2 protein chains.
Amino acid sequence: MAFAETFKALSDPVRREILELLKKGPLSAGDIGSHFDMTGATISYHLKILKQADLIYESREKNFIYYQLNTTVLEEIMLWISTLKGGDLNDERE
Amino acid sequence: MAFAETFKALSDPVRREILELLKKGPLSAGDIGSHFDMTGATISYHLKILKQADLIYESREKNFIYYQLNTTVLEEIMLWISTLKGGDLNDERE
DNA sequence: GGGGTATTTAGAAAATTTTCTAAATACCTT
DNA sequence: AAGGTATTTAGAAAATTTTCTAAATACCCC
């Protein structure tokens, strides 16, 4: 259950903002960093957490590491929330 | 945006387990506490966090305070995750 | 009102998380 | 290989979160 890790990863506002940035497409660590008032080391830390939670993955190209969203884990989270909401079936109409 | 609070609230395993307990129906603080190896004060702390995040609400009856799930906020979380996943439309088929 | 049970609050200790600086890797380009 | 840019790692400081003990509220019942 790396599930707990995913929730932890999503609990930080900086990390959620990183995910939103990546929604538009892959970005390098540097690109991501330039959106925040933090050192590159801190951004790297957050990227590591997101990576461990399987929320992003990286692909290396030239001298850069590009990060992009991995949405598959989000399904699990949605499912967990659904079951909490509605007994079991998701997308329930009342 | 108490939205951030909701994510924080969901990030702790104890709190998620409390929500799962409440899925079956309302429970008093004491009932909830008896499922965990922690003091009542700690449980009370977690209940406060869940309450502030609007994930539960309480109703007083006799000498007890009963807690129950409030699923309305979960919709927002689902929506946020959906937009992350799929451009915008939720419940997307590929 | 008085004693009893249920729960919360206050304050401190312990644990975890976030951030920084400095140094280390990694890889590209010439 | 050498110098340069991009990113990560290590280790410590700062901030936040989780937990506990002890005391305070709150409400019930006799």
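Everything below is about the structure printed above this text.
Residues numbered from 1 in each chain as written. Chains lettered and ligands numbered in written order. Predicted model: local features only at pLDDT ≥ 70, side-chain atom pairs only at ≥ 80, totals over all residues. Heavy atoms only, no water.

Draft legend 1. Molecular detail of the overall build of chain A. A count of helical and extended segments in chain A gives five helices and three strands. Sequence-ordered secondary structure for chain A, helices as α and strands as β, is α-α-β-α-α-β-β-α. In terms of overall dimensions, chain A has a C-alpha envelope of 50 × 25 × 25 Å along the principal axes. Within the span of chain A, comprising 94 residues, buried residues form 44% of the whole. For chain A, the share of sequence-separated contacts (at least 6 apart) that also reach a separation of at least 24 residues comes to 49%. For chain A, the accessible area works out to roughly 5,500 Å², and carbon and sulfur atoms hold 50% of it. The distance from the centre of the 11 positive side-chain charges to the centre of the 15 negative ones in chain A is 5 Å. (Helix = DSSP H or I, 4+ residues; strand = E, 2+ residues; numbered from the N terminus. Buried < 20%, exposed > 50% of the residue type's maximum accessible area, 1.4 Å probe, protein only. Contact = heavy atoms within 4.5 Å. Areas by Shrake-Rupley, 256 points an atom, 1.4 Å probe, with all protein chains shown as cover. Lys, Arg positive; Asp, Glu negative; His and termini not counted. Charge placed at Lys NZ, Arg CZ, Asp CG, Glu CD.)

Draft legend 2. The protein's contact with DNA strand C, seen in detail. Around DNA strand C sit 22 residues in total, of which Thr42(A), Tyr45(A), His46(A), Gly30(B) and Tyr67(B) are the nearest. Contacts to DNA strand C include Ala29(B), whose backbone N or O atom sits 3.2 Å from a phosphate oxygen. One of the side-chain N or O atoms of Tyr67(B) is found 2.2 Å from a phosphate oxygen in DNA strand C. Broken down by secondary-structure element, the contributors of at least two residues to the surface near DNA strand C are helix 4 (40-52) of chain A together with helix 3 (29-33), helix 4 (40-52) and strand 3 (64-69) of chain B. Residue contributions to the surface near DNA strand C peak at four residues, all from helix 4 of chain A. Among the residues making up the surface near DNA strand C, the classes are represented as eight nonpolar, nine polar and five charged. (Near = heavy atom within 4 Å. Polar contact = N/O pair within 3.5 Å; in protein donor to acceptor, adjacent residues only side chain to side chain. Nonpolar A, V, L, I, M, F, W, Y, C, P; charged D, E, K, R; others polar.)

Draft legend 3. Summary view of the relation of the copies chain B and chain A. Overlaying chain B on chain A yields an RMSD of 0.0 Å, the required transformation being a rotation through 180° with an accompanying axial translation of 0.0 Å. The two molecules are tied by a two-fold rotation axis, judged by turn and shift. Comparing contact sets, 100% of the residues at the interface of chain B also lie at the interface in chain A, consistent with an isologous, same-surface contact. (Least-squares fit on C-alpha atoms with pLDDT ≥ 70 in both.)

Draft legend 4. Fine view of helix 1 (residues 3-10) of chain A. Along helix 1 of chain A, the positions that sit buried rather than exposed are Phe3(A), Thr6(A), Phe7(A), Ala9(A) and Leu10(A). For helix 1 of chain A, the arc enclosing every buried residue in end-on projection is 160°, short of the 170-degree limit, so these residues lie on one face. Against helix 2 (13-23), helix 4 and helix 5 (72-85) of chain A together with helix 1 (3-10), helix 2 (13-23) and helix 5 (72-85) of chain B lie the buried residues of helix 1 of chain A. (Arc of directions from axis to C-beta.)

Draft legend 5. Structural view of the sheet that holds strand 1 (residues 27-28) of chain A. All names here are of chain A. Taken in spatial order, the three strands line up as 1-3-2 in an open sheet, and their pairing is antiparallel. Of all strands in the sheet, those bounded by a partner on one side alone are strand 1 and strand 2 (56-61). In this sheet, strand 3 (residues 64-69) lies alongside strand 1 in antiparallel orientation, the contact comprising two bridges. Of the residues in strand 3, the one forming a bridge with Leu-27 is Tyr-67. This element, helix 2, spans strand 1, strand 2 and strand 3 of the sheet and lies at about 95° to strand 3. Along the sheet face, helix 4 touches strand 2 and strand 3 and points at about 115° away from the line of strand 2. (Pairing = 2+ DSSP bridges. Axes fitted to C-alpha atoms, helices over the stretch in contact; angles between N-to-C directions.)

Draft legend 6. The arrangement of the protein's contact with DNA strand D in detail. Around DNA strand D sit 21 residues, and of these Gly30(A), Tyr67(A), Thr42(B), Tyr45(B) and His46(B) come closest. At a separation of 2.9 Å, a base oxygen of DNA strand D approaches a polar side-chain atom of Asn63(A). A distance of 3.4 Å separates a phosphate oxygen of DNA strand D from a polar atom in the side chain of Asp12(B). At the level of secondary structure, the elements contributing two or more residues to the surface near DNA strand D comprise helix 3 (29-33), helix 4 and strand 3 of chain A together with helix 4 of chain B. Examining the composition of the surface near DNA strand D, we find that four residues originate from one element, helix 4 of chain B, more than from any other. Residue classes in the surface near DNA strand D are distributed as eight nonpolar, nine polar and four charged.

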